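Descriptive analysis of the structure
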Amino acid sequence: MIIVGSYAMIHPHEFIRFESVQDVSTEIDLIEGAVEIAIGDCVLIDTRLWDYLYPLWAYLADSVSTLRATGAGSFRFPDQPIQVEFDRVSKGVLQITVSGDGETRRVIANESEFLQALRSRGSDFFSKLSVHFPAERALIERSWKKLLYDPVDSLLADIPWEERVGERQSSAFRQAERVVGRRMNTAQRERLISDVAGRRLSFGELVSRAERELCGAQPGSS
């Protein structure tokens, strides 16, 4: 399972999900917060490594764009010596390394699943940021486009959907199809993948969101 999330620091070492932030009273480059990335049981970065949130996402997007173009990418945190490195070690397989905080964490991940999680939750962040900073929309969209960049001969959307989500997600989708009695069409499946990729959801929650999509409600609605 791959988890990606964005958090704003509202008081010293007190964080809330960025999507829950109602008001931002600082400049776009000075929002303090954290990005969480966890691959399976390995927590690569989280709120212990907080920094300036928008530059962190911008550097991450830039490095992922470089990874897609060249097979490797890296970046440093905006205000501390944390290094994050992405290396494609074989077709569809990434090695992700985080160092600089006194220990080195290294994990292997499915590239398509990682990119899907990063893009889905990163798009949530950039979309919410645009609401708070409409005058900075052009700046935000430049980073957003880098996050979504694909070489023309390697489109993420062309990868089979089962490779862009984890085994638990794909099992939940199929369970929902059995319960409802029909299969998802492509548009439904893509909306659902975008909704759940990178989120920390139980199997039951995944099935419930898939059933709502199949029955015509927006994923995540009550």
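The shown structure was predicted, so the numbers you read here are calculated from the model rather than taken from an experiment. (Residues numbered from 1 in each chain as written. Predicted model: local features only at pLDDT ≥ 70, side-chain atom pairs only at ≥ 80, totals over all residues. Heavy atoms only, no water.)

If you walk through the whole model with that rule in mind, you get 2 cavities of 30 Å³ or more. Its residues placed into classes, the lining of the largest cavity shows 4 nonpolar, 3 polar and 2 charged. The calculated volume of the second largest cavity comes to roughly 30 Å³. Of all the secondary-structure elements, those providing two or more residues to the lining of the second largest cavity are β4 (42–45), β7 (83–90) and β8 (93–99). (1 Å grid on protein atoms, 1.4 Å probe; cavity = no way out; pocket = protein on both sides within 12 Å on 5 of 7 lines; lining within 4 Å. Points joined across faces, edges and corners; volume = space filled by probe spheres on them. Nonpolar A, V, L, I, M, F, W, Y, C, P; charged D, E, K, R; others polar. Helix = DSSP H or I, 4+ residues; strand = E, 2+ residues; numbered from the N terminus.)

What follows deals with the pattern of salt bridges. Following the criterion strictly, the structure yields 18 salt bridges and no others. Here Glu36 ties to Arg200 by a salt bridge, and the two come within 2.6 Å at their closest N and O atoms. Of this pair, Glu36 sits in strand β3 (residues 32–39) while Arg200 sits in the loop between α5 (186–196) and α6 (203–214), and the two are 164 residues apart along the sequence. Classification of Arg200 as partly exposed rests on a relative accessible area of 45%. The shortest N-O distance in the salt bridge between Arg174 and Glu162 comes to 3.4 Å. Of this pair, Arg174 sits in helix α4 (residues 167–180) while Glu162 sits in the loop between α3 (137–147) and α4; the two residues are 12 residues apart in sequence, bridging distant segments of the chain. The class for Glu162 is partly exposed, based on a relative accessible area of 35%. A network of salt bridges, in which partner residues are shared, links Arg68, Arg88, Glu111, Arg119 and Asp150. (Salt bridge = Lys/Arg side-chain N within 4 Å of Asp/Glu carboxyl O. Buried < 20%, exposed > 50% of the residue type's maximum accessible area, 1.4 Å probe, protein only.)

Our focus in this paragraph is the packing of α4 against α6. With their axes 8 Å apart at the nearest point, α4 and α6 run at an angle of 50° to one another. Overall, the two elements α4 and α6 adopt an arrangement that is oblique. You can see that α4 and α6 cross each other, and the crossing is right-handed. Contact residues: Arg168, Gln169, Ser171, Ala172, Phe173, Gln175, Ala176, Glu177, Val179 and Val180 in α4; Phe203, Leu206, Val207, Ala210, Glu211 and Leu214 in α6. Classifying every residue of the contact of α4 with α6 gives 10 nonpolar, 3 polar and 3 charged. (Axes fitted to C-alpha atoms, helices over the stretch in contact; angles between N-to-C directions. Parallel < 35°, antiparallel > 145°, perpendicular 65-115°, else oblique. Left-handed = near helix turned anticlockwise from the far one by under 90°. Contact = heavy atoms within 4.5 Å.)

This next bit is on the packing of aromatic side chains. Scanning the entire structure with this criterion turns up 8 aromatic pairs. When the ring of Phe18 is compared with that of Phe125, the centres are 4.9 Å apart and the planes differ by 50°; the resulting orientation is tilted. Of this pair, Phe18 sits in the loop between β2 (14–17) and β3 while Phe125 sits in helix α2 (residues 111–132); the two residues are 107 residues apart in sequence, bridging distant segments of the chain. For Phe18, a relative accessible area of 2% puts it in the buried group. (Phe/Tyr/Trp six-rings, centres within 6.5 Å; stacked < 30°, edge-to-face > 60°.)

Put simply, the largest pocket is a space of about 320 Å³. Taken together, 13 residues line the largest pocket, and the ones lying closest to its centre are Lys91, Gly92, Ser112, Ser154 and Ile159. Its residues placed into classes, the lining of the largest pocket shows 4 nonpolar, 4 polar and 5 charged. Space inside the second largest pocket adds up to approximately 270 Å³. If you trace the second largest pocket, you find 17 residues lining it, with Val4, Arg17, Glu19, Arg121 and Arg199 closest to the centre. Mapped onto the lining of the second largest pocket, the elements with two or more residues apiece are β1 (2–11) and α2. Among the elements that take part in the lining of the second largest pocket, β1 stands out by supplying 5 residues, more than any other. Within the lining of the second largest pocket, the residues separate by chemical class into 6 nonpolar, 3 polar and 8 charged.

It is worth spelling out α3 at this point. Every buried residue of α3 is accounted for by Ile140, Ser143, Trp144 and Leu147. Down the axis of α3, the buried side of the element spans an arc of 105°, and every buried residue falls inside it. Residues of α3 that are exposed and point more than 90 degrees away from the buried face comprise Ala138, Arg142 and Lys145. Buried residues along α3 sit against α1 (53–70) and α2. (Arc of directions from axis to C-beta.)

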